[in-house]
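The lines below spell out each chain.
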Amino acid sequence: MGFSPSNYSMEPPENAGLAFETAEKIILRWDSTASEEAREKMIFEGDRHEVDRYLQAVDEILRSVSSTSIYDDQNKVNSAIEIAMARLEDEFRNILIAHTNPIETDSLTDPSSSVRSASVAGVAEEEDDADGEEEDDASLRKGDELLRFDSGASSATASYRSTNCIREIDLLPSDSIYDLRSIAERMISSGYLRECIQVYGSVRKSAVDASFRRLGIEKLSIGDVQRLEWEQLETKIRRWIRAAKVCIRTLFASEKKLCEQIFDGLGTAIDDACFMETVKGPAIQLFNFSDAISISRRSPEKLFKILDLHDALMDLIPDIDTVFDSKSSESIRIQAAEILSRLAEAARGILSEFENAVLREPSKVPVPGGTIHPLTRYVMNYISLISDYKQTLNELIVSKPSTGSRYSGDPSIPDMDFTELEGKTPLAIHLIWITVILQFNLEGKSKPYKDASLAHLFMMNNVHYIVQKVKGSPELREMIGDDYLKKLTGKFRQAATSYQRATWVRVLYCLRDEGLHVSGGFSSGVSKSALRERFKSFNAMFEEVHRTQATWLIPDSQLREELRISISEKLIPAYRSFLGRFRSHIESGRHPENYIKYSVEDLETAVLDFFEGYPVSQHLRRRSH
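**Student:** Please explain the packing of aromatic side chains as it appears in this structure.
**Tutor:** How two aromatic rings sit relative to each other is given by the distance of their centres and the angle of their planes. Under the definition given, this model contains 22 aromatic pairs. Note on Trp 240 and Phe 289: the rings are 6.4 Å apart at their centroids and 25° apart in plane angle, and the pair reads as stacked. Residue Trp 240 is found in helix H8 (residues 230-263), and its partner Phe 289 is found in helix H9 (residues 270-294); the two are separated by 49 residues along the sequence. An identical accessibility class is assigned to Trp 240 and Phe 289; each is buried. An angle of 20° between the planes, with centres 6.0 Å apart, marks the rings of Tyr 378 and Tyr 382 as stacked. Of the two residues, Tyr 378 and Tyr 382 are both situated in helix H12 (residues 374-387); the distance of four residues between them amounts to about one turn of the helix. On the basis of relative accessibility, which here comes to 24%, the residue Tyr 378 falls in the partly exposed class. Accessibility expressed as a relative area gives 0% for Tyr 382, which makes it buried. Above the plane of the ring of Tyr 509 lies Arg 512, whose end atom (NZ or CZ) is 3.6 Å from the centre. Note that Arg 532 overlies the ring of Tyr 595, its terminal NZ or CZ placed 5.8 Å from the centroid.

Have a look at this one:
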C-alpha cells in the first residue's frame, strides 16, 4: 500500500498516552551502543507490534521536546532523541539495503524500437556485385528496454507506469516504502534531514552504480575516452546508446518515483534533494562519455556513430526534461542540451572535413588495369551510408559546402554552379558536391597512365561505379535526382567513347581503302605490296591491343559485355568487308597465311578476352583456314 501524510500523524496508532519514561525505556532497549541484542537484531525485521511500539516511543519523545513538565530535564530528552535517531538511521539503511538489487539485463529488447547503425570501417573492401558496407551490428537494438528489478519475495513481478517513453518500475515493495516513509518523517521532524538524505543517497547510489556495471557503463573520464582506439569506442558507443535509454527512461525515472513515494510532502523539495543525491553523480558519469565523443578529434569514420549518439540523445531529451524537471537538476538538462549541440556541430565538421579529404586525397599510383580506385569505393559507400541519416543531416546542415564555389578559377577546386541545384536539400547539395570533387580527383589520378586508352577506361569504370551506387540506393537516388544522374551517366558513356576512339580509330584506319589502289597508263588495280603492309599493320596493332587490354579490367560484367559488343560492332563488319574486298589479292600470292592471319571468327573470339584482367597468350587463338 502507498503512504501519504494522511496515513500518519504525530499521534501513535494506539495507546496514545505512553509516558515519557516508558518511551525512554523502549528507546534505550534498542540502543545498539549499549545492548548486544540491539546490535544483532533489527526492529523492522521483527514483529510489527514491536515496530509500532518503537515508533510510538519515538513520537512520545518528540512530543516531550516542547513539554513544560519536564523542561528541567531537557538533556535527557535530547539524549533519547539522539539514540532514537541513530537507531532509525540504521533501520532506514537496513531496509534500503535489504531491498536493493541491481537490474537484470538478460533481455534488453524492445521490439517496437529500432535504429539504423552504420560504420565506414571496411567500406572500400566490398565485392563488386555484393558491396561490403554492412557491419555485424547493421541493426542496433534501441534501449527502451523493459527491465526487471528484484524487489524481494513481495514483488515477484515488476509493475510499470508508462508516460510517453518513460517506464517506471516499483523498486521496493509497498510495505517497505511505508516503513521508510514512517522513519523519514520522524527523522525530518527531529532535524535529521541531512542524515536521512545522506543515508538514502548513499545506498541508492550504490544500487545505481551496480546497475551501471550491469549495463556496461564504465567510469571513464573525458581523457580516458579520448585515449581509446576508435574500434573500442564504436563498441562502447553502441553499448552507451542502449544503456542511456535504460538509465533515463527506467532507472533514473524509477529512482525519482521512489523518492516521491518516500519523501513527497515531508518538506520543501526533499524528494528532489534525495533524488539528486542519488543520481547526479551517475548522470554526470553517463553524459561524460557522449561529451567526450562530441569534443574528440574529428575523422570521417566517426560520423555515423556520432549521428547515432546524436539521434539517441535527441530522442531522450524530452524524457531527460521530464525526469530532471526541477530547479536543482537544471544542470543535467543543460549538460544534455549542450552535448546534443556539440554532437551536431561535430557531425557538420566531419562532413566538411570529409569533403576536403576527398578533394585533396593525394595518391597518384595508378590502379592496375584501370579498375575501380579504392577512393571511389570508399567515398561512394560512405555517402550511401550518409543517405541513411538523411533526416538527421537535413536538420543539421543548413549551408552549401564550404569548399565549393562558382567558377572559382582555382585549379585545385572544380568549378560548380550551385544555382543549378536550387530546390534540393542542403544534404543533397553536399552529396552531389562530393561526387563532383571525387570525379575531379579521379581525373588527376588518370593522368599517370601512359596509355590514353587506359586513362579513359579508368574514368569509365569509376564514373560507372558512382552511377551504380546512386541507382542502388533509393535514398541516395532520390536526393541526388534523375537530372544529375543523367549527367553522370553521360560522363561514363563519354569516357567509353573516348576509350574507343583512342584505341580503335588507329586499328580501323588500317582497314581503309585509301592508299591501296594504283593507276597508271591504261590500267588500274591494287598494290599488293601496300595491301600486304596494311594486313601486317592491322595484325600487329590488333595483337598488341589484345595482349595489353586483356589485362585491363572492367569489374562490372554488364558494362564489360556492352563495351565488347560496341567494339565488335565497329571492328567485325569493317574487317569482314576489308577481307571480302582484298582476300583474293593476297591468296593469289605467296604465303598468304603470313598476311591474312585471322578469320572474322578469330577476331570475334579474341574480343571476348578483353577486360578480364589477366594475361593472355601473345598469339591469338586461330581457327583453321
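**Student:** Looking at this model, I keep getting lost on helix H14 (residues 426-446). Mind explaining?
**Tutor:** Residues that lie three or four places apart on an α-helix share one face, since the helix turns once every 3.6 residues. With 21 residues, H14 should reach 30 Å at 1.5 Å per residue; the first-to-last C-alpha distance of 30 Å fits that figure. Of all 21 residues in H14, 18 are buried; the element is thus mostly enclosed.

**Student:** Would you mind going over the layout of surface pockets with me for this structure?
**Tutor:** To find leftover empty space, one rolls a probe the size of a water molecule over the atoms. Each pocket or cavity is described by its volume, and for the second largest pocket that value is around 290 Å³. The set of elements that each furnish at least two residues to the lining of the second largest pocket consists of H14 and helix H17 (482-509). The element best represented in the lining of the second largest pocket is H14, accounting for four residues. The residue makeup of the lining of the second largest pocket, split by class, is seven nonpolar, one polar and six charged.

**Student:** What's the story with the nonpolar core in this structure? I'm lost.
**Tutor:** Note that soluble globular proteins tend to have their nonpolar side chains buried in a common cluster. Counting 182 residues, the largest nonpolar core has Phe 92, Phe 252, Phe 263, Phe 324 and Ile 386 as the members making the most contacts within it. Among the elements that line this core, the one with the most residues is H8, at 17 residues. Not counting residues up to four positions away in its chain, the partners in contact with Ile 386 are Leu 303, Phe 304, Leu 351, Leu 393, Leu 427 and Leu 431.

**Student:** How do you make sense of the confidence of the model for the protein chain when you look at a structure like this?
**Tutor:** In low-pLDDT regions, the fine details of the predicted coordinates are not to be read closely. Considering every residue of the protein chain, the mean pLDDT works out to 83; 82% of them sit at 70 or more. When mean pLDDT is compared element by element in the protein chain, helix H15 (residues 452-472) scores highest at 97, while strand S2 (residues 139-140) scores lowest at 28. For residues 106-115, every residue scores under 50 in pLDDT, and the model assigns this stretch 17 contacts once sequence neighbours within four places are set aside. Note that residues 121-163 has pLDDT below 50 and, in this model, 110 contacts with residues that lie over four places away or in other chains.

**Student:** Can you walk me through the environment of Gly 201 in this structure?
**Tutor:** Along the chain, Gly 201 turns up in helix H6 (residues 193-215). Each C-alpha atom of the pair Gly 201 and Phe 275 lies 7.5 Å from the other, and the pair is 74 residues apart in sequence. In this view, Gly 201 contacts Glu 277 and Thr 278; residues no more than four positions away in its chain are not counted.

Basis of the calculations
Residues numbered from 1 in each chain as written. Predicted model: local features only at pLDDT ≥ 70, side-chain atom pairs only at ≥ 80, totals over all residues. Heavy atoms only, no water. Phe/Tyr/Trp six-rings, centres within 6.5 Å; stacked < 30°, edge-to-face > 60°. Helix = DSSP H or I, 4+ residues; strand = E, 2+ residues; numbered from the N terminus. Buried < 20%, exposed > 50% of the residue type's maximum accessible area, 1.4 Å probe, protein only. Lys NZ or Arg CZ within 6 Å of the ring centre and 35° of its normal. Expected span 1.5 Å × (residues − 1). 1 Å grid on protein atoms, 1.4 Å probe; cavity = no way out; pocket = protein on both sides within 12 Å on 5 of 7 lines; lining within 4 Å. Points joined across faces, edges and corners; volume = space filled by probe spheres on them. Nonpolar A, V, L, I, M, F, W, Y, C, P; charged D, E, K, R; others polar. Core = buried A, V, L, I, M, F, W, Y, C linked by side-chain atoms within 4.5 Å. Contact = heavy atoms within 4.5 Å. pLDDT = per-residue confidence, 0-100.

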